[in-house]
Amino acid sequence: QVQLVESGGGLVQAGGSLRLSCAASGSIFSINAIGWYRQAPGKQRELVAAISDGISTNYADSVKGRFTISRDNAKNTVYLQMNSLKPEDTAVYYCNAVATIIATPGVWEYWGQGTQVTVSS
């Protein structure tokens with residue numbers, strides 16, 4: 001199994017910044033992709049940003065130019081630097097990883113418990 005632990009959420013004023021971290025642990029063989037989703041009340045969970053090999057990244061259109069995802073492979077940790085935050089960024093942010101584990105075939109998807117990000121006007 002893979003465990004994902006998020007941190008860095010909180011309350012920030014519009015225009016401010018936050019940095020989210022997600023640390024993966026467990027019997028990890030490899031992490032093929034890792035990133036962030038978010039879900040606001042009454043909304044569907046949506047992809048925010050993802051990274052595969054440290055080069056290939058994918059961002060939601062709504063956060064391009066404001067958010068930056070990065071990955072520390074040695075630490076199995078992914079970061080999301082969020083700048084110029086807007087009230088519409090308010091949501092629970094979930095870490096997501098697609099990974100294989102040692103001695104177990106197949107690729108599986110894992111989710112963290114989420115961290116609340118609240119952006120005030």
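Further up the page is the structure itself.
Residues numbered from 1 in each chain as written. Predicted model: local features only at pLDDT ≥ 70, side-chain atom pairs only at ≥ 80, totals over all residues. Heavy atoms only, no water.

1. Some thoughts on the overall build of the protein
Of regular secondary structure, the protein possesses 0 helices and 11 strands. Listed by position from the N terminus, the elements making up the protein come as β-β-β-β-β-β-β-β-β-β-β. The buried share among the 121 residues of the protein stands at 40%. A total accessible area of about 6400 Å² is found for the protein, and carbon and sulfur atoms account for 50% of it. Treating the 9 positive side-chain charges of the protein as one cloud and the 8 negative ones as another, the clouds have centres 3 Å apart. (Helix = DSSP H or I, 4+ residues; strand = E, 2+ residues; numbered from the N terminus. Buried < 20%, exposed > 50% of the residue type's maximum accessible area, 1.4 Å probe, protein only. Areas by Shrake-Rupley, 256 points an atom, 1.4 Å probe, with all protein chains shown as cover. Lys, Arg positive; Asp, Glu negative; His and termini not counted. Charge placed at Lys NZ, Arg CZ, Asp CG, Glu CD.)

2. A word on the sheet that holds strand β7 (residues 67-72)
Reading across from one edge, β1-β3-β8-β7 is the order of the 4 strands in this open sheet, with antiparallel pairing throughout. Sheet topology places β1 (2-7) and β7 at the edges, where each strand pairs with a single neighbour. Neighbour-to-neighbour, the strand axes of the sheet open up by a mean angle of 15°, direction not taken into account. Of the strand pairs in this sheet, β1 and strand β3 (residues 18-26) are connected by 6 bridges, and their pairing is antiparallel. Counterpart to serine 7 in the pairing with β3 is serine 21. (Pairing = 2+ DSSP bridges. Axes fitted to C-alpha atoms, helices over the stretch in contact; angles between N-to-C directions.)

3. Observations regarding the side chain of threonine 100
With respect to the helices and strands, threonine 100 occurs in strand β9 (residues 91-101). Non-local contacts of threonine 100, meaning those with residues more than four positions away in its chain, are made with Ser27, Ile28, Phe29, Ser30, Asn32, Gly106 and Val107. (Contact = heavy atoms within 4.5 Å.)

4. Overview of the pattern of salt bridges
Going through the model one piece at a time under the given rule, you end up with 4 salt bridges. Here glutamate 46 ties to arginine 38 by a salt bridge, and the two come within 2.8 Å at their closest N and O atoms. By relative accessible area, arginine 38 is classed as buried at 6%. One network of salt bridges, with partners in common, ties together Arg38, Glu46, Arg66 and Asp89. (Salt bridge = Lys/Arg side-chain N within 4 Å of Asp/Glu carboxyl O.)

5. Considering the packing of aromatic side chains
Counted by the stated rule, this structure contains 1 aromatic pair. An angle of 65° between the planes, with centres 5.0 Å apart, marks the rings of tyrosine 37 and tryptophan 111 as edge-to-face. Linking tyrosine 37 in strand β4 (residues 28-39) with tryptophan 111 in strand β10 (residues 108-111), this pair joins segments that are 74 residues apart in sequence. If you follow arginine 19 out to its NZ or CZ, it ends over the ring of tyrosine 79, 4.1 Å from the centre. Residue placement shows arginine 45 over the ring face of tyrosine 94; its charged tip is 3.8 Å from the ring centre. (Phe/Tyr/Trp six-rings, centres within 6.5 Å; stacked < 30°, edge-to-face > 60°. Lys NZ or Arg CZ within 6 Å of the ring centre and 35° of its normal.)

Nothing here speaks to function; it is geometry throughout.
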